[in-house]
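# Breakdown of the fold
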Amino acid sequence: MPASNAFEEIAEGDCEEAEPFASSMSESLRAFGYDLPSAIADLVDNSIFAEARNIWIDFNWDGENSSICVTDDGRGMTEKEMLDAMRPGSRNPLDARDPKDLGRYGLGLKTASFSQCRRLTVRSIRRKDDKPVTRCWDLDFIR
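These remarks concern the structure in this document.

## A closer look at the overall build of the protein
Helix and strand counts for the protein come out as five helices and four strands. Across the protein, helices and strands are ordered from the amino to the carboxyl terminus as α-α-β-β-α-α-β-β-α. Intrachain contacts of the protein at a sequence separation of at least 6 include 47% that bridge at least 24 residues. Split by element, the accessible area of the protein, about 10700 Å² in all, is 52% carbon and sulfur.

Next comes the structure, spelled out in structure tokens:
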């Protein structure tokens, strides 16, 4: 049978959804091969695209309580933009992009962060008078 007709014989009732398991998928996002410098560079790329003039990177080395904080003075995100930024695969790589956008797959923030940590917290404010928007991924909670 020609490949173009291969799916014509599958009845609608013969199909089922195979949703990914959140814990397995989130752990898999950790294995994209980032080292610490490339993970930080990916986060800094996001700051640059957000038109940041200043970027601060603070490291706190304390064993399991270590943290890294990347702060910038870029344009910030609305609540909807934050939701999209925190969603894995939030952008289709085939969509047209701003030529200055260094991202491609909607995975950089998550994969860069998860490669180095188990908890990612993002806080952003769009305008000075707005309330900050905060979202968190905690891989231990997902597990």
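## As for the pattern of salt bridges
Applying the stated criterion across every chain, the model contains eleven salt bridges. The salt bridge partner of Lys80 is Asp84, with a shortest N-O separation of 3.0 Å. With Lys80 and Asp84 both in helix α3 (residues 79–86) and four residues apart, this pair spans about one turn of that helix. Here Lys80 falls in the exposed class, since its relative accessible area comes to 57%. Where Arg118 meets Asp140, a salt bridge forms, and the shortest distance between an N and an O atom there is 2.8 Å.

## A few points about the nonpolar core
In this structure, Met82, Met86, Leu109, Phe114, Leu120 and Val122 are the most contacted members of the largest nonpolar core, which totals 13 residues. The set of elements that each furnish at least two residues to this core consists of α2 (36–49), α3, α4 (108–114) and β3 (119–124). Ignoring anything within four residues of it in the chain, the contact list for Leu120 reads Met86, Leu109, Lys110, Ser113, Phe114, Arg135, Cys136 and Trp137.

Quick notes on the rules
Residues numbered from 1 in each chain as written. Predicted model: local features only at pLDDT ≥ 70, side-chain atom pairs only at ≥ 80, totals over all residues. Heavy atoms only, no water. Helix = DSSP H or I, 4+ residues; strand = E, 2+ residues; numbered from the N terminus. Contact = heavy atoms within 4.5 Å. Areas by Shrake-Rupley, 256 points an atom, 1.4 Å probe, with all protein chains shown as cover. Salt bridge = Lys/Arg side-chain N within 4 Å of Asp/Glu carboxyl O. Buried < 20%, exposed > 50% of the residue type's maximum accessible area, 1.4 Å probe, protein only. Core = buried A, V, L, I, M, F, W, Y, C linked by side-chain atoms within 4.5 Å.

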